[in-house]
Amino acid sequence: MNRRYGERVTELAIQAFLWFFRIGVVLVVIVGSTLTLTSGRYDPATWFRLFADGFTLGSVYAMIALGYTMVYGILRMINFAHGEVFMAGAFGGYFTAVALDDAGLLNANPLSSLISIVIMLLVAAAVSTVIAVLIERIAYRPLRNAPRLVPLISAIGASFFLQYTFRGFFGSRTYSYPTVSILNEDVGIPLLDLRWVQVLVIVAAMVMMTLLYLFVMRSKTGTAIRAVSEDKSTAALMGIDVNRAIVTTFALGAAMAGAAGVLYALLFRQVDFFTGFVPGIKAFTSAVLGGIGNVPGAMLGGLFLGEIEAIGPVLFFTGFGVPSVNQLKDVIAFTMLVLVLVFRPSGILGERLARQRA
Amino acid sequence: MTAISSTITRPLARRWRHVIAIGALGAAVALYLALVGIVPTFEARAMISSVLALGETFVLGTMMVIGYLAARYFDGQPAMSVLAGAIAGLMTGSALTLLMLIGPAIDLRSIFLNASDSLYGVLTLGRGLDFLWIPMVGGVVVGALGGGLRILPRPIQKSIAAGLLSLVALGLFSNLLRKPLLASPFASIGRLLFASEGLTLFGAAVTLSGALGAGIGGAIGARFGSRRWGMLTGVALGMIGSLVIGLLAADLAPSALARPEFAALGGVLGGVIGVGMGGLLGGAIARRVSSLRLDRQFDALPSPARSAIRATPLIPLLFLVLVLPFAFGQNFAQVIVLVAIYILMGLGLNITLGLAGLLDLGFVAFFAVGAYTVSLLTSTSPFGIADFSWWIAVPFAVGVAFMFGAFLGLPILGIRGDYLAIATLGFGEIIRILSVSDLLRPWLGGPQGITNVPKPFDVPPGDPLSGPSQIYYIALICAGVIAFIAFRLRDSRIGRAWVAIREDEDVAEALGINLIQTKLLAYALGAAFAGLGGAVFAALIGATFPTSINLLVSINVAALIIVGGMGSVPGVIVGAVVLIGLPELFREFQEYRYLFYGAALMVLMRFRPEGLLPSRSVQRELHVEENVEPAGAPVGSSVAQIEAEREGDVERDSPYSEPPAKETP
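Residues numbered from 1 in each chain as written. Chains lettered and ligands numbered in written order. Predicted model: local features only at pLDDT ≥ 70, side-chain atom pairs only at ≥ 80, totals over all residues.

Sorry if this is basic, but what is going on with the overall build of chain B here?
If you tally the helices and strands in chain B, you get 30 helices and two strands. Counting across all 665 residues of chain B, residues that qualify as buried make up 49%. A fraction of 76% describes how many contacts in chain B between residues 6 or more apart in sequence connect residues 24 or more apart. (Helix = DSSP H or I, 4+ residues; strand = E, 2+ residues; numbered from the N terminus. Buried ≥ 20, exposed ≤ 12 C-beta atoms within 10 Å, placed from the backbone. Contact = placed C-beta atoms within 7 Å.)

See the structure below:
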């Protein structure tokens, strides 16, 4: 009946449990990796391939994550519909690609292929931006001062609405992207299995993210966005149009997501109305991993998640003789998420935000 | 009202600009409805038999609403109202005409699947592309009608709107209502009102008469002091009047009702008589009733008698709930079982989310644990590990789910707010992936799941308790038990501790509440109830498939609580009926279920964020916040809160506003 004593025991039990948890994870990682590496089943080329796959996918996650992180930074809300904005971009890119293919431009020569892809990226970014701005206007702006769960539910509603709108528009079938033949060719570095499409995705993602970063950090609008995400009312007093800053944030994030949609579709060669869901959740995970609200953090988080998804299952689990390890890549991704939240809730780079809100 | 009065002073050009904007909105909505496939797909469903189909209803409804909205800018100017409505309607219709002009020319079909001949057929009322003007004319007429509606006095406006809405509702649910009506002694009335699909024209006339009767009766009743009684008599007499005429006509000249124009005439005639009588009689009754001063007499009654009278309406309701599975057939029984299971889980999450304020988006994990535990313990397939009966397996399922809740809850207790939502979402996904994975396949059956789960009651086929109905009763009883537990917990010491944590964790801790124990208990209790839900679900399906375990379950449960009203038990029931029951009933439009679901979530959050049936404190809270919403107000501005506190209203019951996430202690 001694409450104090009881509390101490629970406290201890929880601490013990958490340590058990940590040690367990570390053990699985170390023992699994050792077993896998010593088994000699994989040669360095395979590891490189996995690494490259992870980096490519991670760049896409990073681009989507930027939208989550910026919107969270400025509105403190999870834009649940962001995955659908990404999917809209993939669809926009698809129809552009078909049109370009019909015109014979997509595969005419490498230069024309490249220009076609740039056009696809631009169209996709435009489509996504329009949709995100509309969603912000209709589903989020009226709820800006509402309690936190309200916009979250509205965002979930928007997510469903967009998914099934696209299903209504384009049907439930999976559209396969037109082939850009040059992208599937090997880059030709000896021993390394690297395709041009991976190079394209990584380079495009890096360029766009750098541009975005510079825009947010250097430009006047970017400064306004950062000011609003620090403190809305003070920013408004400084003469910043808060609404415009918020819309710009949505537009920027959406443009990145739209472009990421095209890149993702070029990688996996297909798109359907449900395409946005899983990458959306993964990208959100990346944003949290990197420290939500933090732009470089989102980029880092995305790359990290991509790598851990690509390499993790093989590295940690093959050694234990687990069948079909690739099924478990999402388990690793989400375990990572929980681990980060438990042991470092501010994310990899999230110190500033965490302290600011403490 | 302030918005309306301020519009009158606006300059004319500005008002027309608004009308044009509304028209453009209508055009966009009409195009959306057409291209997303709602118009052509729903054309297959009759609203008013052989007169109006659901697809057309959407277009006409849009035009009408647009016309009405456009007329808002010309209040008190009848001609202008009609004109504004007509113009906005014209714009809406023209968009469709334009679509039919451009669509075939540029092969729009290669992008938008629905830009097909069947769509164009619907839009031209089946006459083909030579009749492009039909939507435009329709837009003008219906838009003008919508604008004209605005001229009428407010109560009449309301009753017409209500009549049109109930027309749509009755048309949609006609299949459901017709079946029991035909089986009852009132079969002839049933046949008169409902066609094999949708309402008959006569039924539509009866519905409108009823609504109109309500308006007029209410208006007259209001003059005599009791609007409610006037409306009630108005509805009753309006409908009875037209029904009587209809029945007489059916007796005297059976062939007359087969002709739609006669049927409508009969309905309208009956409606006019009924409405007139309803108005007068309603007034008389209202006068008599208000002279009785019933409310004072009610207040004078002793307390037990008062609660007995309050509870009276519940008795027929209870009866209805008990006979539901038999009244409407097997399909319907299946739907309400699902609703009952979601009520069960909603009540569970209501403890975690509604009381303790922990948003759990991975609720499906515990649902899965419950379902798999029951399946493993009872299944007669090779995966079964014990041949328990369902009843013995359930306590195990609940216990295992509880332990899982505690186990998963431990590491994440320090996480707050949105982070918690996303961490739990991660858990849900982990469990889902594990359940399909090859890793656990030797035990859980992988994608094939575990089949051959026996029913709780082993009854021969043909028995009334075979099929879903027995599960329905079991789910109801479970839901009742959980509701009772939740109700008793809410005002207990632990319940108050949960609410305190929801309001402010730091303050709660300072007051001596053990955060970890209290939160863990909320989390694990919610998990246990989800496990119970899973156990019932496994019995319903007779198996556990990993496909039943998906994020949608978690989202559904969270959404139904919020839509129903957080922390309120009736709210959970309403939320489950609205979000689970309604979409299941319209399985014929499966493709569009989640479209409407999503739209409904957005609309609800916009216009009724406190939910459909909120607990009183939540409602008060949200209305306090509404009062302080000047543009650009600082986030979380709490002027009203401070004022409320100063007035002694210290019940700051905000389940939503968790403090921002902080580092774990």
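Continuing now.
I'm lost on the overall build of chain A in this one. Help?
Secondary structure assignment for chain A yields 13 helices and two strands. Over its C-alpha atoms chain A spans a radius of gyration of 22 Å, differing by no more than 12% from the 21 Å that the globule rule assigns to 358 residues. Put simply, 78% of the contacts in chain A that link residues at least 6 apart link residues at least 24 apart. (Rg over C-alpha atoms; globule rule 2.2 N^0.38 Å.)

For this particular structure, what's the right way to read helix 17 (residues 330-355) of chain B?
Counting along an α-helix, one turn takes 3.6 residues, and residues three or four places apart therefore face a common direction. Residues and elements named next belong to chain B. Between its terminal C-alpha atoms helix 17 stretches 36 Å, which fits the 38 Å expected from 26 residues at 1.5 Å a residue. Across the 26 residues of helix 17, 23 count as buried, placing the element largely inside the fold. One or two positions beyond helix 17, positive phi appears at Gly357, with a value near 70 degrees. (Expected span 1.5 Å × (residues − 1).)

What is the right way to read the interface of chain B and chain A from this model?
Think of interface size as the accessible area that goes away when the parts come together; that is how it is often given. The interface of chain B with chain A comprises 56 residues on the first partner and 57 residues on the second. Elements with a contribution of two residues or more to the side of chain B that touches chain A: helix 2 (12-36), helix 19 (390-412), helix 20 (417-436), helix 25 (515-541), helix 26 (551-564) and helix 28 (590-607) of chain B. In terms of residue count, the dominant contributor to the side of chain B that touches chain A is helix 28 of chain B (eleven residues).

Teacher, can you tell me more about the packing of helix 12 (residues 329-343) of chain A against helix 20 of chain B here?
Packed helices, taken two at a time, are described by their axes: the angle between them and the distance between them. Two numbers describe how helix 12 of chain A lies on helix 20 of chain B: the axes approach to 9 Å, and their chain directions differ by 150 degrees. It follows from the interaxial angle that helix 12 of chain A and helix 20 of chain B lie roughly antiparallel. Like other packed secondary-structure pairs, helix 12 of chain A and helix 20 of chain B cross with a definite hand, here left-handed. Side by side, helix 12 of chain A and helix 20 of chain B meet where A:Asp330, A:Val331, A:Phe334, A:Thr335, A:Leu337, A:Val338 and A:Leu341 of the first sit next to B:Tyr419, B:Ala423, B:Gly426, B:Phe427, B:Glu429, B:Ile430, B:Ile433 and B:Leu434 of the second. In terms of residue class, the contact of helix 12 of chain A with helix 20 of chain B is built from eleven nonpolar, two polar and two charged. (Axes fitted to C-alpha atoms, helices over the stretch in contact; angles between N-to-C directions. Parallel < 35°, antiparallel > 145°, perpendicular 65-115°, else oblique. Left-handed = near helix turned anticlockwise from the far one by under 90°. Nonpolar A, V, L, I, M, F, W, Y, C, P; charged D, E, K, R; others polar.)

Is there a simple way to think about the environment of A:Ile308 in this case?
Residues and elements named next belong to chain A. Here Ile308 lies in helix 11 (residues 295-317). In the structure, Ile308 is positioned 232 residues away from Arg76 in sequence and 27 Å away in space, judged by C-alpha atoms. With residues near it in sequence (within four places) discarded, Ile308 still touches Ile332, Ala333 and Met336.

Honestly, the packing of helix 18 (residues 364-378) of chain B against helix 25 of chain B in this entry has me stumped. Any pointers?
Residues and elements named next belong to chain B. Relative to each other, helix 18 and helix 25 sit at 50 degrees, their axes nearing to 6 Å. When the axes of helix 18 and helix 25 are compared, the pair comes out oblique. As helix 18 runs across helix 25, the sense of the crossing is right-handed. Residues Phe366, Phe367, Ala368, Val369, Gly370, Ala371, Val374 and Ser375 of helix 18 pack against Ala527, Ala530, Gly531, Leu532, Gly533, Gly534, Ala535, Phe537 and Ala538 of helix 25. Counted by class, the contact of helix 18 with helix 25 contains twelve nonpolar, five polar and no charged residues.

What am I meant to see in the environment of B:Arg288 here?
Relative to the elements of secondary structure, B:Arg288 occurs in helix 13 (residues 260-292). When the C-alpha atoms of B:Arg288 and B:Gly190 are compared, they prove to be 34 Å apart, with 98 residues separating the residues in sequence.

Just checking my understanding: could you explain the nonpolar core for this structure?
Generally speaking, soluble globular proteins have nonpolar side chains that are buried together. Counting 312 residues, the largest nonpolar core has A:Met63, B:Leu344 and B:Val536 as its most contacted members. The leading source of residues in this core is helix 17 of chain B, at 18 residues. Setting aside its immediate chain neighbours within four residues, B:Val536 contacts B:Ile341, B:Leu344, B:Ile471, B:Ile474, B:Ala475 and B:Cys478. (Core = buried A, V, L, I, M, F, W, Y, C linked by C-beta atoms within 7 Å.)

Is there a simple way to think about unusual backbone geometry in this case?
Phi is mostly negative for residues that are not glycine, and the peptide bonds are mostly trans. Residues and elements named next belong to chain A. Even without being a glycine, Arg76 presents a positive backbone phi close to 55 degrees. Looking at where Arg76 falls in the secondary structure, it is placed in the loop between helix 2 (44-75) and helix 3 (82-102). We classify Arg76 as partly exposed; it has 19 C-beta atoms within 10 Å. One non-glycine residue, Arg269, lies in positive phi territory at about 65 degrees. Mapped onto the elements, Arg269 comes out in the loop between helix 9 (242-268) and strand 2 (270-271). Residue classification places Arg269 among the partly exposed residues on the basis of 17 C-beta atoms within 10 Å.

What's the story with helix 8 (residues 154-183) of chain B in this structure? I'm lost.
The largest bend in helix 8 of chain B is about 65 degrees, located at B:Phe173. Turning to helix 8 of chain B, its buried residues are B:Pro155, B:Ser159, B:Gly163, B:Leu167, B:Leu170, B:Gly171, B:Ser174 and B:Arg178. (Bend = angle between axes of the 7 residues up to and from the residue.)

Can you help me understand the environment of B:Val82 in this one?
Residues and elements named next belong to chain B. Mapped onto the elements, Val82 comes out in helix 5 (residues 78-105). For the pair Val82 and Ile431, spaced 349 residues apart in sequence, the C-alpha to C-alpha distance is 59 Å. Those residues within four positions of Val82 in sequence are excluded, and the remaining contacts are Ala144, Gly147 and Gly148.

Would you mind going over the confidence of the model for chain B with me for this structure?
As a note on interpretation, predicted positions should not be read in detail where pLDDT is low. Residues and elements named next belong to chain B. A residue-level look at chain B finds 80% of positions with pLDDT of 70 or above and a mean pLDDT of 76. Contacts from residues 625-665, a stretch scored under 50 in pLDDT, to residues over four places away or in other chains number 66 contacts. If you check the scores for this complex, the pTM reads 0.84 and the ipTM reads 0.87. (pLDDT = per-residue confidence, 0-100.)

Any chance you could explain the confidence of the model for chain A here in plain terms?
Per-residue confidence for chain A averages 83 on the pLDDT scale, and 96% of its residues sit at or above 70. Of the regions scoring below 50 in pLDDT, residues 352-358 of chain A engages in 13 contacts with residues more than four places distant in sequence or in other chains.

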